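Each chain, letter by letter, is given below.
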Amino acid sequence: MIIESKGRIQDGIYAIGAAELPGYLFTGQYPVLLDAGMTFMGPLYPAELKNRLEDVNRLKYHFLTHSHFDHAGASPFLKRHIPNMQTGASSAAAETFRKPNAIELIRNLSRPLEEKYGDLIGNEDVTFGGLEIDLVLDGGMKIDLGAGRTCMVVTTPGHRFPSTSPR
Ligand SMILES: [Zn+2]
């Protein structure tokens, strides 16, 4: 499915952040955001989360599909803004986010876009300085989202981007 605009996908599921590279928000008792896009997109989230959740602090989970800069770049920003949110990713991704060379790669890939979209960032700190994973996600694991809803982790093969990138 290719979605070219933001907003409601169906009741309880929304594409938020940037239309080109959105995060997917599942509202409900324990809301979860899948992925977060690039570093410069971080400042887009608070207003949209407030709009969908009333209180941004209701966002209980932030799960990452993989460790690439265009999916996890804005995650540290979200963590700084929503301290009680639990960030989840695979053990491989958790390890990647602690590696100095991976952090440097993410920063280097993010920088040109941070410069291009400086107006969006304003005075916010969007720096990617590594990411601490609170919840290691293993294939088959089920996470209770409340009100009878469950999220199940499915492990899939990764992809490389670019060729020197960590998985
Ligand atoms: Zn990727």
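The structure under discussion appears in the preceding block.
Residues numbered from 1 in each chain as written. Predicted model: local features only at pLDDT ≥ 70, side-chain atom pairs only at ≥ 80, totals over all residues.

1. Quick look at the overall build of the protein chain
Moving on, step 1. Counting secondary structure elements, the protein chain contains 6 helices and 9 strands.
Moving on, step 2. For a compact globule of 167 residues, the expected C-alpha radius of gyration is about 15 Å, and the protein chain comes in at 15 Å, within 12% of that figure.
Moving on, step 3. The 167 residues of the protein chain split such that 34% are buried. (Helix = DSSP H or I, 4+ residues; strand = E, 2+ residues; numbered from the N terminus. Rg over C-alpha atoms; globule rule 2.2 N^0.38 Å. Buried ≥ 20, exposed ≤ 12 C-beta atoms within 10 Å, placed from the backbone.)

2. Brief notes about the pairing of strand 1 (residues 7-10)
Moving on, step 1. When strand 1 meets strand 2 (residues 13-18), the two strands line up antiparallel, connected through 3 bridges. Following the sheet pairing, Arg8 is matched in strand 2 by Tyr14.
Moving on, step 2. What sits between strand 1 and strand 2 in their antiparallel hairpin is a turn of 2 residues, with Gly12 showing a positive phi close to 90°. (Pairing = 2+ DSSP bridges.)

3. Description of the environment of Pro46
Moving on, step 1. Relative to the helices and strands, Pro46 is located in helix 1 (residues 45-53).
Moving on, step 2. Along the sequence, Pro46 and Asn57 sit 11 residues apart, while their C-alpha atoms lie 9.8 Å from each other.
Moving on, step 3. Residues contacting Pro46, with those up to four places away along its chain left out, are Val56 and His81. (Contact = placed C-beta atoms within 7 Å.)

4. Quick notes on helix 5 (residues 100-116)
Moving on, step 1. Between the first and last C-alpha of helix 5 there are 25 Å, a value that for 17 residues agrees with the 24 Å anticipated at 1.5 Å per step.
Moving on, step 2. Along helix 5, the sharpest change in direction is near 35° and occurs at Ser110; proline Pro112 comes one to four residues later.
Moving on, step 3. Listing the buried residues of helix 5 in full gives Ala102, Ile106 and Ser110.
Moving on, step 4. Contacts made by the buried residues of helix 5 are with helix 2 (69-72) and helix 4 (91-96). (Expected span 1.5 Å × (residues − 1). Bend = angle between axes of the 7 residues up to and from the residue.)

5. Examining the sheet that holds strand 5 (residues 61-63)
Moving on, step 1. With respect to topology, 7 strands assemble into an open sheet ordered 1-2-3-4-5-6-7, the strand pairing being mixed. Both edges of this open sheet fall to strand 1 and strand 7 (135-136), since each of them pairs with a single strand only.
Moving on, step 2. Each of strand 2 and strand 3 (21-26) is contacted by helix 1, which is oriented at about 160° to strand 2, the strand it contacts most. (Axes fitted to C-alpha atoms, helices over the stretch in contact; angles between N-to-C directions.)

6. Overview of the nonpolar core
Moving on, step 1. Formed by 34 residues in total, the largest nonpolar core has its most connected members in Ala74 and Leu78.
Moving on, step 2. Put simply, the parts of the chain that give this core at least two residues each are strand 2, strand 4 (32-34), helix 1, strand 5, helix 2, helix 3 (75-81), helix 4 and helix 5.
Moving on, step 3. Setting aside chain neighbours within four positions, we find Leu78 in contact with Ala36, Gly42, Tyr45, His62 and Met85. (Core = buried A, V, L, I, M, F, W, Y, C linked by C-beta atoms within 7 Å.)

7. Digging into the pairing of strand 9 (residues 149-152)
Moving on, step 1. With 4 bridges joining them, strand 8 (residues 142-146) and strand 9 adopt antiparallel strand pairing. The residue bridging Ile143 from the neighbouring strand is Cys151, located in strand 9.

8. A short note on the environment of Asp70
Moving on, step 1. Residue position: Asp70 is located in helix 2.
Moving on, step 2. According to the C-beta neighbour criterion, Asp70 is buried, with 20 such atoms within 10 Å.
Moving on, step 3. A C-alpha to C-alpha distance of 9.7 Å links Asp70 and Met41, two positions 29 residues apart in sequence.

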